[in-house]
Amino acid sequence: MYDYLVVGSGLYGSIFAHEAKAKGKSVLVVEKRSNIGGNIYTENVEGISVHVYGAHIFHTNNDNVWKYITQFAEFNRFTNSPVANYKGELYSLPFNMFTFNKMWGVVTPAEALDKIEEQRKEVIGDPRNLEEQAISLVGRDIFEKLVKGYTEKQWGRDCKDLPAFIIKRLPVRLTFDNNYFNARYQGIPVGGYTKLIETLLEGVEVRLNTNYLDKKLELDALADRVIYTGPIDAYFNYQLGTLEYRSVRFETELLDQPNFQGNAVVNYTDRETPWTRIIEHKWFEFGKDLGGNDLSKTVISREYSSEWKPGDEPYYPVNDSKNSALYAQYKSLADKEENVIFGGRLGEYKYYDMDTTIAAALEMCAAELH
């Protein structure tokens, strides 16, 4: 008999398992995939750490989270500086003086601000949708070239049909700072995220290729308490309906060349290009292997956004009013489950960054493991 059954070996579940074991509790982790790590799983291909389920760049301003997670892995100094490709024109992301110079030929921050202010006037009153929100932040030109196509591919909906809150904050800098995240701490675990998860789960029993929902009665009987990090609607057999997600599909290739695009992330912001972005994984670790040698090959992943359907991997909750209302109904069912804690992105139907996942997991540990 175990004290805890943890469903899912992503960041949230792995942190709980680690903390519970440290408190002397017996823990069993079950994982439906053939690998640990959830969506942050990385695998080594020709010396390159490949982010199998999409780019994961750790960033936080939370001192406690940074101090906690760096116990389990050494982080490199990777800084996220994506490039936008609009029909062959290249722009800096986040929007900064390089972007404005390329877009309008302006040279000073005052000239850039004048241009943005002039274009913002198009939106009168409170923005009613994502298009108006974006124009009120950065103006029509940047919206048309660098926001509209990418966002519509990502969400599968016209910008006029998306809520304004999705894009409440667009990083706009009147400096030449190319660092996408406003975060004090940023980087990627040296050698990939899988090593970090392995360290967290050291000494914990893990069963891979085990679908909890297929064997729920049998597995529940093994433990006093369950930490469930899967989709909350699936737990309740979709009895109230299905929560919506956006999913992502990847086409990954190993190329016999040292450099495909010269950057880890290139966003394709026109509507016609079917993929949203291309990731070149080697640049997350500066094109070097663990011995510091240059890598002669490269791995790229084209990323396609899609509407989630059963069988797909759920990525981003669609937090509109309809889905939020449905989640609230599932949450009230979850609250009645006496020995089950629902956590993480899928268990709470909430978009979590890695640092907020860690903070939420540690908060739950503090409440549960006192």
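If you're wondering where the values come from, they're calculated on a predicted model, not measured in any experiment.

Student: So what exactly am I meant to see when it comes to the nonpolar core here?
Tutor: Among soluble globular proteins, nonpolar side chains are generally buried collectively. Ranked by size, the top nonpolar core spans 53 residues in total, and within it Leu5, Phe95, Phe100, Tyr212 and Tyr228 carry the most contacts. Not counting residues up to four positions away in its chain, the partners in contact with tyrosine 228 are Val7, Tyr212, Leu213, Ala234, Tyr235, Val340, Ile341, Phe342, Gly343 and Gly347. With 46 residues, the next largest nonpolar core counts Ile40, Tyr68, Ile197 and Ala264 among its residues.

Student: Looking at this model, I keep getting lost on the sheet that holds strand 1 (residues 2-7). Mind explaining?
Tutor: As a general point, the strands of a sheet are linked pairwise by backbone hydrogen bonds and lie either parallel or antiparallel. Taken in spatial order, the five strands make up an open sheet running 9-2-1-10-16, and their pairing is parallel. What marks the edges here is a single partner per strand, and that holds for strand 9 (205-207) and strand 16 (340-342). Adjacent strand axes in the sheet meet at a mean angle of 20 degrees, parallel and antiparallel pairs treated alike. Sheet topology note: the strand 1/strand 10 (residues 223-228) ladder contains five bridges and is parallel.

Student: Got a minute to help me understand the sheet that holds strand 12 (residues 265-268) in this structure?
Tutor: Spatially, seven strands are ordered 7-6-12-13-14-11-15 in an open sheet, and the strand pairing comes out mixed. The outermost strands of the open sheet, each flanked by one partner alone, are strand 7 (89-92) and strand 15 (316-317). Strand contacts of helix 6 (residues 140-155): strand 6 (83-86), strand 7, strand 11 (245-255), strand 12, strand 13 (277-280), strand 14 (298-307) and strand 15, with the helix running at about 90 degrees to strand 6, the strand carrying the most contacts.

Student: Mind showing me how you'd approach unusual backbone geometry here?
Tutor: If a residue is not glycine, its phi is most likely negative; likewise, a peptide bond is most likely trans. Put simply, leucine 93 and proline 94 share a cis peptide bond, and its omega is 0 degrees. Secondary-structure assignment places proline 94 in the loop between strand 7 and helix 3 (97-104). Residue lysine 87 is not a glycine yet carries a positive backbone phi of 50 degrees. Here lysine 87 lies in the loop between strand 6 and strand 7. Its relative accessible area of 54% is what places lysine 87 among the exposed residues. Non-glycine residue asparagine 237 carries a positive phi angle of around 55 degrees.

Student: Teacher, can you tell me more about the pattern of salt bridges here?
Tutor: Side chains that differ in sign of charge can pair as their charged atoms come close. Under the counting rule described, the total for this entry stands at 25 salt bridges. With a shortest N-O distance of 2.7 Å, aspartate 63 and arginine 184 are connected by a salt bridge. One end of the pair, aspartate 63, is in helix 2 (residues 63-69); the other, arginine 184, is in the loop between helix 6 and strand 8 (185-187), with 121 residues separating them in the sequence. A salt bridge links glutamate 132 to arginine 128; the nearest nitrogen and oxygen atoms lie 2.5 Å apart. Exposure remark for arginine 128: the relative accessible area of 69% places this residue in the exposed category.

Student: Honestly, the packing of helix 1 (residues 11-22) against helix 12 (residues 354-368) in this entry has me stumped. Any pointers?
Tutor: Each pair of packed helices gets described by two things: the angle between the helix axes and the distance between those axes. At a minimum axis distance of 9 Å, the contact between helix 1 and helix 12 shows a crossing angle of 35 degrees. Along this stretch, helix 1 crosses helix 12, giving a crossing that reads as right-handed. Between helix 1 and helix 12, the residues in contact are Leu11, Tyr12, Ile15, Phe16 and Glu19 and Met354, Thr357, Ile358, Ala360, Ala361, Leu362, Met364, Cys365 and Glu368, respectively. Taken together, the residues that form the contact of helix 1 with helix 12 break down as eleven nonpolar, one polar and two charged.

Student: I would appreciate a short explanation of the packing of aromatic side chains in the present structure.
Tutor: The description of an aromatic ring pair rests on the distance of the ring centres and on the angle between the ring planes. Under the criterion given, the structure shown has 25 aromatic pairs. Residues phenylalanine 236 and tyrosine 330 carry aromatic rings whose centres are separated by 6.1 Å and whose planes lie at 20 degrees to one another, so their mutual orientation is stacked. Taken as a pair, phenylalanine 236 in the loop between helix 9 (232-235) and strand 11 and tyrosine 330 in helix 10 (residues 321-335) lie far apart in primary sequence, 94 residues in all. With centroids separated by 5.7 Å and ring planes inclined at 40 degrees, the aromatic side chains of tyrosine 316 and tyrosine 351 adopt a geometry described as tilted. With tyrosine 316 in strand 15 and tyrosine 351 in the loop between helix 11 (344-347) and helix 12, this pair connects stretches of sequence that are 35 residues apart. Tyrosine 351 gets classed as partly exposed once you look at its relative accessible area, which sits at 46%. Taken together, Tyr212, Tyr228, Tyr235, Phe236, Tyr330 and Phe342 form an aromatic cluster joined through their ring pairs. Seen from the ring of phenylalanine 286, arginine 77 lies directly overhead, with NZ or CZ sitting 4.7 Å from the centre. Sitting over the ring of tryptophan 283, lysine 282 keeps its end group 5.4 Å from the ring centre.

Here is what the cut-offs are and how they apply
Residues numbered from 1 in each chain as written. Predicted model: local features only at pLDDT ≥ 70, side-chain atom pairs only at ≥ 80, totals over all residues. Heavy atoms only, no water. Core = buried A, V, L, I, M, F, W, Y, C linked by side-chain atoms within 4.5 Å. Buried < 20%, exposed > 50% of the residue type's maximum accessible area, 1.4 Å probe, protein only. Contact = heavy atoms within 4.5 Å. Pairing = 2+ DSSP bridges. Helix = DSSP H or I, 4+ residues; strand = E, 2+ residues; numbered from the N terminus. Axes fitted to C-alpha atoms, helices over the stretch in contact; angles between N-to-C directions. Salt bridge = Lys/Arg side-chain N within 4 Å of Asp/Glu carboxyl O. Left-handed = near helix turned anticlockwise from the far one by under 90°. Nonpolar A, V, L, I, M, F, W, Y, C, P; charged D, E, K, R; others polar. Phe/Tyr/Trp six-rings, centres within 6.5 Å; stacked < 30°, edge-to-face > 60°. Lys NZ or Arg CZ within 6 Å of the ring centre and 35° of its normal.

Taken by themselves, the reported measurements are silent on function.
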